[in-house]
Amino acid sequence: MASRIKNKRTTLERIEKSLSNKYFADVNIFSRIYEKEPRGDIKLYHAIGSLIPEIIGKPNLKNLEFEEVEVGESYGPTWSIHLFKLEVLIPTSFNGREVHLCWQSDAECLLFNEDLQPLQAFSGSPDHQHRCEFVLSRDWQEGANKKLVFYVEMQCCDMFGAGKGGMIEPPDEDRVYQLKMVEVLAFQRDVFNIFRDLELLYEYAKFYGDDDADDKGYQALYTANHMLNLVSSGDLARSQLIADEFFAEGNGRKTHMIHAVGHCHIDSAWLWNYDVTKRKCARSWISTLTLMDEYTHFNFACSQAQQFDWVKENYPDIFKKIKHYVEEGRFIPVGGSWVEMDGNIPSGESFIRQFLYGQKFFKEEFGLRCREFWLPDTFGYSAQIPQILQHVGISRFLTQKLSWSLVNKFPHHNFIWEGIDGSAVLVHFPPVDTYEANCKVSEAIKTVRNLKDKGRVKESMMLYGYGDGGGGPTRQMIERLHRLKDVDGIPRMKSSTPDKFFSALEEREESLCRWRGELYLELHNGTYTSQASMKELNRRSELALYNTEFLVVVALQTCAIDKQSALNFSNRLEQAWKDVLLNQFHDVLPGSCIRRAIDDAEILFEKSLTVCTEISEWCLQALKKKENASFAVFNPLQWDRIYSFVDKNIAIPGCSITYGYPEGAVDIISEKSTSEQIMSEIANAQFKGKKSLNCFVLSTLNKLAEANFNILSVQLSEDTKHDVHSVQFVAGMIHKKAMRDAIYRKLYAKLARSLHDQRATAICAGREVVHVALKSYEKALWGKWNFESQLEQRYQEQQQLSNMEFMCYLFEENLISRRHMMKILGELSERFHVSQLAIELACKIFMLLGNVLDDQNQASKTRIKTRFPSSISKVLESLETVISTQAVEKRIEFMVLDILEMKANSWVPRRGRKGTHLAVKLSPKDQTIEAPTVETRDTPTGVKVYQEGEDFVLQNKYISARIDKFGRVINLQVRNSSSDFNFTKSCLPMNQFVIFDDVPLYWDAWDCMDYHLETRKPVNVTGADIKEVVISKSSRRSACLTWSVIWNKDTIQQCKIEQDIILTDNNDYIEFSSRVDWRENRKFLKVEFPTCLNTEEAIYEIQFGQLRRPTLVNTSWDWARFEVCGHKWAALSEPGRGIAVLNDSKYGWSGRDGTLSLSLLRSPKSPDNVCDMREHKFRYAVKPFINFFENSGVVQSAKEFNSPLVVANEDTPLSFRSALKSQQWFFIETDQEVVTVVLEAVKLAEKSRKRSEDAPYVILRLYEAHGTRAFARIATTLPFETYEVCNGLEDSIDKPIELHEDGNERYFEIPFAPFEIRSFLLH
């Protein structure tokens, strides 16, 4: 008889021990779930050796030999695959019983039947996520002894990899895994049901404490105790009856309802690599499908199209069964994305592609699209996600990771989330704060007690099933869920679906609170920096895919490639995108995975980059061939950009290719010229030793010397068409020989004289030939021939403008004197009234003269006031007169004004207004070359670099910076502003490298803790082992300072930073090109940019826009954001001025008290103990501006910093006056003064790939970048007739609208709201 007085502690412990698999497991309830007798007879065989891990799917038994083995043996090493064969004999004594096959090992296994059909997984993890039974029959009725054959594939790892000494430690690559049990046993379901109910009552009694208002806990305690007494007496039926009475006491109708949904979160890579995950998916999902066969009310939600695709490819039998249950609505695809990606680092276009390819897969395979975004385990959520979701047709979002925040508890579990543009989605955080619940009493009660929105909602979702390493729901979970569906004192629970839950929540939407901006996770912020290669390759891949898709569209639309080629390219690019999207999984791109996973990801990134390179080169060559060009520069950005080519700046229009031709050359040369034959001979000749080679070259040069030297003058007339490149090749060869051998110098002299005889000074197309000849002749034969007088004589014979232009080039190359150029100026002035080209050339000469003087100033460290001859003053007067009396193009007027300003400032070059460069501009469809015209562009006046004391000064027309001997910026100014404002902070220089201790509480690669900021140590300071700054390069176009520092010298942790500080004439920012040899242990390297700006906010680029975050720490919410995520730039700005930091591969930032910090490298040791232990190269830049931020050009500068111009045949020498032709395909203009609407994607539409016979459909995607309203005019020269507004999935929203026509352009106009993303379908 039970005692009437019970001690709660002893009774609870009595119940606990009766359920334990560890304590008293030979006599308690747990020990009775399986009968000890009878047992089936099993023979166990092992395939000799191990299988190839890369071969995934149904085992191939061909050529396999099996040997009999015993239970207790161990297998390895880690990650290896082993195959076992089981021959099971079930005796007649099992008739009428429930029969289970039990397999227990430390490893993960997959069970197949004799026909190699997958049946179920066996999960091996110590004390967690066990699944060690397979139901052979609920009621065995085979009669006579029955022999069964099974196969078990074992992978040597557990559910959480193989960490050596701890879960997140680097894997133990040599671990072995023991096979502990293989049995066929009779399962006692009546004992199991009592075991299940005792578990629930134990939790009930434990959770409801003495402080609770009612006695529910004690009722459960006494019920469980009574049940144990009845079991002890053998009365199982009455024990079950008592339990049934307890669980039959239901709740009221208004009790909170829990929608329980089966779930299996599988990290696509984490403590294992991708190939292991492919097997995890199969093991987890076949177990789920087996449970679906058994429990008709069981529903299961599953995300990540990539994992479905893996199963489809490797396990078609499992995928077929999945499709069956998807049709029944029980196996439910959710999320809509290709993988569960990182929520901060991927670009906006990457987010769109996650849904484009994910939803495409679900539609094609299952005939549906997901309605909810599913991202339960990523490390924070970008403020642009709501609009991205709306743009792809999703209005619901589920996650729970914010429950991990360390400092602040997020105030809602159900709310409306607004993005930076105002778009909104409905969000649910399961209040149980996990995505792998077990359907326990404690979890059900926590759901209500933890709920932040009491009174506003009456339903919540619970995701149950083992996760991270897979596993999914178990039979025990489903049984508990069914038992707890309506029990007094516990929220009601039912098996449900995500759609049913969100539909119910949408009815309460009006009562929910709203949250605007990012969902910042106050943890795992070290993942913005860990594994630098992932960040770098991701950035490069995203940009390369944009460029390549753009080129495919252009090549197709201009008929440079055919439709089939474009479709083939598009298919390859889709796979390249999918590889990149897979690598954006939330443990790979953040860098919180093992080395094997990083290695796999690097291979996929490089594969994608290779695909982009191959396709881009193919398209560029096709376009170049179509235009008969020898040179091409592709500008994928929508604004004009400068390409610095040899001796000049070329303006490359936005969204265009600029082609280069030798002057007069329009068609590709088809006839084989004499020079081509010579080059072919040289290329194909076979030599035996140096003497043979010399004789051959000497013979070849003699042929050239005796031949008609017209071929070397490159006069490409109708009668003589010769290949310029071969001439240049031969001339280069002569040049090299002439420098080493007197015999060749004589031949070279003959060649040089012959070039002059052919009026060398008039040659433009062969500039490189002339350049080589003249420079070499100067070195080899100066003094035997008065070179300059000969040039002057030739020049005087025919004073053409082309000759004068060539003289400018020669002067720039220091081949003729300043005196000679002053004379040419006077001759040019006589032509000012008849030729604007003469004005251009005069301005160019003045600018060159000014640079010479400026170089003298720097050398002498004095300012020279130069007085030119009176004749030159008259030239200046002529210039001034001509722009006041003659209709001159604005850009030429600006040039003249610059020259006059230089004169007023004693000829020391200062920042000008609008400058010019020479180019030839053709309309996109024109096939003839026009006369040279002038393109407006900010033409530089040169770069200065010089030393003052221990400091160095870098200066161009935009900015001026003073660098100290440690490589730090101690003064930074914008030139020609209204004030000489210094952006640096007193005594706190910019480009200050700092290092911090970086030891988190547990999650090594994931976390940097707030206390790391207390351990700051400057690197490049007095006392450090520094190689001080030196000038390593100085030219008119660019200057470079170089320095380095070493620390931990002569230890295994020795580190080194080498840095080039670069300023070019075209850029309004200083670039820092860094090389870091990083060998630290749990340290954090950053670079700081302290400023004197007074601002309460820092601005960071995010997907399709920007986000402002506080720089103050007034609240705990501010303080917790000590490390944040940003993309290509971040900025601090006061009204009218500010500073931005650009980067090419980094994502971690900090903005505090006027200082911007860029996070560079970390050195965690788990789960990858060699994380970032290598040499690194990266670039960043600092850009000051005197303007409001919206007008600063930071967005453009950052895009240019990350997107270099794409050049085809860059090594092709072109002349000073090479003809240029630009084909511009898209023009984007707005009613704003600055670029505010940005082009983000140009790609073939998916529907073009389905209907290959139709004219192509093309997607344009743009966004508003500054948070302002804009009205955009989007024009194209490509043959489109209509446009449609569409969403991110490329579904048309409106009917097609005809494009307007304006000359050879077609355009449409459309408004953009602040930060709005818009997609258009052109046809």
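Fair warning: this is a prediction, and the values are worked out from it, not measured in the lab.

Topic: the overall build of the chain
So, point 1. When its secondary structure is counted, the chain shows 30 helices and 57 strands.
So, point 2. In the chain, buried positions account for 62% of the 1323 residues.
So, point 3. Considering only residue pairs separated by 6 or more positions, the chain has 74% of its internal contacts joining residues 24 or more positions apart.
So, point 4. Working note: accessible area of the chain is about 50600 Å², and carbon and sulfur atoms make up 47% of it.

Some thoughts on the pattern of salt bridges
So, point 1. Applying the stated criterion across every chain, the model contains 82 salt bridges.
So, point 2. Residue Arg-1016 pairs with Glu-1088 through a salt bridge whose shortest N-O separation is 2.8 Å. In this pair, Arg-1016 sits in the loop between strand E32 (992-997) and strand E33 (1017-1018) while Glu-1088 sits in strand E38 (residues 1083-1090), placing the two residues 72 residues apart along the sequence.
So, point 3. Given the relative accessible area of 38%, Arg-1016 is considered partly exposed.
So, point 4. Judged by relative accessible area, which is 10%, Glu-1088 ranks as buried.
So, point 5. Between Arg-1037 and Asp-1065 there is a salt bridge whose closest N-O contact spans 2.9 Å. Here Arg-1037, found in the loop between strand E34 (1025-1034) and strand E35 (1038-1047), pairs with Asp-1065, found in the loop between strand E36 (1055-1064) and strand E37 (1070-1077); they are 28 residues apart in sequence, far enough to count as distant. Residue Arg-1037 shares its accessibility class with Asp-1065, and that shared class is buried.
So, point 6. By sharing partners, the salt bridges in this structure join Glu-98, Glu-133, Arg-138, Arg-189, Arg-196, Asp-197, Asp-244, Glu-294, Arg-475, Glu-479 and Arg-483 into a single network.

Observations regarding the environment of Glu-536
So, point 1. By the element assignment, Glu-536 lies in helix H13 (residues 532-557).
So, point 2. Accessibility expressed as a relative area gives 26% for Glu-536, which makes it partly exposed.
So, point 3. Sequence separation of Glu-536 and Ser-1145 is 609 residues, and the distance between their C-alpha atoms is 4.6 Å.

Here we look at the nonpolar core
So, point 1. With 306 residues, the main nonpolar core has Trp-103 and Phe-331 as its most contacted residues.
So, point 2. Apart from residues no more than four positions distant in its own chain, Trp-103 is found in contact with Leu-44, Phe-84, Leu-86, Cys-109, Phe-122, Cys-132, Val-152, Met-154, Leu-179, Met-181 and Val-182.
So, point 3. Formed by 28 residues, the second largest nonpolar core is a distinct cluster that contains Met-821, Ile-872, Leu-879 and Val-888.

Let's talk about unusual backbone geometry
So, point 1. In this structure, the amide linkage connecting Glu-37 to the following residue, Pro-38, adopts the cis form with an omega of 0°.
So, point 2. Tracing the backbone shows Pro-38 in strand E1 (residues 34-39).
So, point 3. Residue Pro-77 is reached from Gly-76 by a cis peptide bond, and omega for that bond is 0°.
So, point 4. Looking at where Pro-77 falls in the secondary structure, it is placed in the loop between strand E4 (74-75) and strand E5 (81-90).

Looking at the environment of Glu-1316
So, point 1. By the secondary structure assignment, Glu-1316 is in the loop between strand E56 (1305-1312) and strand E57 (1317-1322).
So, point 2. Sequence separation of Glu-1316 and Ser-423 is 893 residues, and the distance between their C-alpha atoms is 9.2 Å.
So, point 3. Residues within four places of Glu-1316 in sequence aside, it is in contact with Gln-387, Leu-1262, Tyr-1263, Glu-1264 and Pro-1311.
So, point 4. At 2.7 Å, the side chain of Glu-1316 forms a polar contact with the backbone nitrogen of Ala-1313.

Observations regarding a nonpolar patch on the surface
So, point 1. Taken together, the side chains of Met-167, Leu-406, Val-407, Leu-1001, Tyr-1002, Tyr-1011, Val-1113 and Trp-1119 define a hydrophobic patch exposed on the protein surface, amounting to about 740 Å² of accessible area.
So, point 2. Inspection of the secondary structure puts Leu-1001 in the loop between E32 and E33.
So, point 3. A residue is classified by how much of its surface remains accessible, and Leu-1001, at 62% relative accessible area, is exposed.

Here we look at the sheet that holds E57
Whenever strands of a sheet pair, they do so through backbone hydrogen bonds, lying parallel or antiparallel.
So, point 1. Strand order in the open sheet formed by 5 strands is E50-E51-E57-E53-E54, with antiparallel pairing between adjacent strands. Two strands close off the open sheet at either side, each with one partner strand: strand E50 (1237-1244) and strand E54 (1297-1298).

What to know about the packing of aromatic side chains
So, point 1. Inspection of every chain in the model, using the stated rule, returns 63 aromatic pairs.
So, point 2. Seen in terms of ring centroids, Phe-631 and Tyr-643 are 6.1 Å apart; in terms of plane orientation they differ by 35°. Their pairing is tilted. Of the two residues, Phe-631 sits in strand E22 (residues 631-635) while Tyr-643 sits in strand E23 (residues 641-645), which places them 12 residues apart along the sequence. Here Phe-631 and Tyr-643 have matching classes, each one buried.

Here's the deal with the pairing of strand E2 (residues 41-47)
A regular strand places its side chains so that they alternate between the two faces of the sheet.
So, point 1. Pairing of E2 with E5 involves 6 bridges; the strand directions are antiparallel. Along E5, the bridge assignment pairs Lys-43 with Glu-87.
So, point 2. Examined bridge by bridge, E2 and strand E3 (residues 66-68) share 3 bridges and lie antiparallel to one another. Note that in E3 the partner of His-46 across the bridge is Glu-67.

Comments concerning helix H2 (residues 189-207)
Each full turn of the α-helix corresponds to 3.6 residues, which orients residues three or four apart in the same direction.
So, point 1. The first and last C-alpha atoms of H2 sit 27 Å apart over 19 residues, in line with the 27 Å expected at 1.5 Å per residue.
So, point 2. Of all 19 residues that make up H2, 15 are buried, and the element is covered over most of its length.

A short note on the packing of H2 against helix H4 (residues 236-247)
So, point 1. Contact geometry of H2 with H4 gives a least axis separation of 10 Å together with a crossing angle of 40°. By the angle between their axes, H2 is oblique relative to H4. Considering the relative orientation of H2 and H4, their crossing is left-handed. Here Asp-190, Val-191, Asn-193, Ile-194, Arg-196, Asp-197, Leu-200, Leu-201 and Tyr-204 of H2 come into contact with H4, specifically with Leu-236, Ser-239, Gln-240, Ala-243, Phe-246 and Phe-247.
So, point 2. A class-by-class count of the residues in the contact of H2 with H4 yields 9 nonpolar, 3 polar and 3 charged.

As for the packing of helix H1 (residues 8-19) against helix H3 (residues 216-232)
So, point 1. Remark: H1 packs on H3, axes separated minimally by 10 Å, with the N-to-C direction vectors making an angle of 50°. Classified by the angle between their axes, H1 and H3 sit oblique to one another. By crossing handedness, the relation of H1 to H3 is classed as left-handed. On H3, the residues touching Lys-8, Thr-11, Leu-12, Arg-14, Ile-15 and Ser-18 of H1 are Tyr-218, Leu-221, Ala-224, Asn-225, Leu-228 and Asn-229.
So, point 2. A breakdown of the residues in the contact of H1 with H3 according to their chemical character gives 6 nonpolar, 4 polar and 2 charged.

Structural notes on the state of the cysteines
Every disulfide links exactly two cysteines, by a covalent bond between their sulfur atoms.
So, point 1. Within this structure, the stated rule accounts for 0 disulfides.
So, point 2. Free of any disulfide, Cys-156 has its nearest cysteine sulfur in Cys-157, 7.8 Å distant.
So, point 3. Accessibility expressed as a relative area gives 0% for Cys-156, which makes it buried.

Side note on the sheet that holds strand E29 (residues 951-955)
So, point 1. Here 4 strands make up an open sheet; going across it, the order is E28-E29-E30-E31 and the pairing antiparallel. Of all the strands in the sheet, just strand E28 (944-948) and strand E31 (969-974) have a single pairing partner and so form its edges. The sheet shows a mean angle of 15° between the axes of neighbouring strands, direction not considered.
So, point 2. As paired strands, E28 and E29 are joined by 5 bridges and run antiparallel to one another. Counterpart to Gln-947 in the pairing with E29 is Phe-952.

Structural notes on the side chain of Arg-641
So, point 1. Mapped onto the fold, Arg-641 is located in strand E23.
So, point 2. No salt bridge is formed by the buried Arg-641; its nearest oppositely charged neighbour, Glu-1200, is found at 4.3 Å.
So, point 3. Side chain to side chain, Arg-641 and Asn-635 meet in a polar contact 3.5 Å long.
So, point 4. Polar contacts involving the side chain of Arg-641 include one to the main-chain carbonyl oxygen of Glu-1200, which spans 3.5 Å.

Describing the confidence of the model for the chain
So, point 1. In this model, the chain carries an average pLDDT of 84, and 80% of its residues clear a pLDDT of 70 or more.
So, point 2. In this model residues 664-676 is a low-confidence stretch, pLDDT under 50, and it forms 27 contacts with partners more than four residues away in sequence or in other chains.
So, point 3. Here residues 753-788 is modelled with pLDDT under 50, and outside its nearest four sequence neighbours on either side it reaches 92 contacts, counting other chains as well.

Re helix H15 (residues 595-626)
So, point 1. Taking 1.5 Å per residue as the helical rise, H15 with its 32 residues ought to reach 46 Å, and the 46 Å between its terminal C-alpha atoms agrees with that figure.
So, point 2. Note on H15: the residue one or two positions beyond its end, Asn-628, has a positive phi of about 55°.

Section: a positive patch on the surface
So, point 1. On the surface, Arg-253, Lys-254, Lys-458 and Arg-508 cluster together to form a positively charged patch.
So, point 2. Here Arg-253 lies in the loop between H4 and strand E12 (257-263).
So, point 3. Under the relative-accessibility criterion, Arg-253 is labelled exposed at 80%.

Cut-offs and rules
- Residues numbered from 1 in each chain as written.
- Predicted model: local features only at pLDDT ≥ 70, side-chain atom pairs only at ≥ 80, totals over all residues.
- Heavy atoms only, no water.
- Helix = DSSP H or I, 4+ residues; strand = E, 2+ residues; numbered from the N terminus.
- Buried < 20%, exposed > 50% of the residue type's maximum accessible area, 1.4 Å probe, protein only.
- Contact = heavy atoms within 4.5 Å.
- Areas by Shrake-Rupley, 256 points an atom, 1.4 Å probe, with all protein chains shown as cover.
- Salt bridge = Lys/Arg side-chain N within 4 Å of Asp/Glu carboxyl O.
- Core = buried A, V, L, I, M, F, W, Y, C linked by side-chain atoms within 4.5 Å.
- Polar contact = N/O pair within 3.5 Å; in protein donor to acceptor, adjacent residues only side chain to side chain.
- Patch = residues over 30% accessible without salt bridge, like charges linked within 9 Å, V, L, I, M, F, W, Y side chains within 5 Å.
- Pairing = 2+ DSSP bridges.
- Phe/Tyr/Trp six-rings, centres within 6.5 Å; stacked < 30°, edge-to-face > 60°.
- Expected span 1.5 Å × (residues − 1).
- Axes fitted to C-alpha atoms, helices over the stretch in contact; angles between N-to-C directions.
- Parallel < 35°, antiparallel > 145°, perpendicular 65-115°, else oblique.
- Left-handed = near helix turned anticlockwise from the far one by under 90°.
- Nonpolar A, V, L, I, M, F, W, Y, C, P; charged D, E, K, R; others polar.
- Disulfide = S-S within 2.5 Å.
- Lys, Arg positive; Asp, Glu negative; His and termini not counted.
- pLDDT = per-residue confidence, 0-100.
- Charge placed at Lys NZ, Arg CZ, Asp CG, Glu CD.

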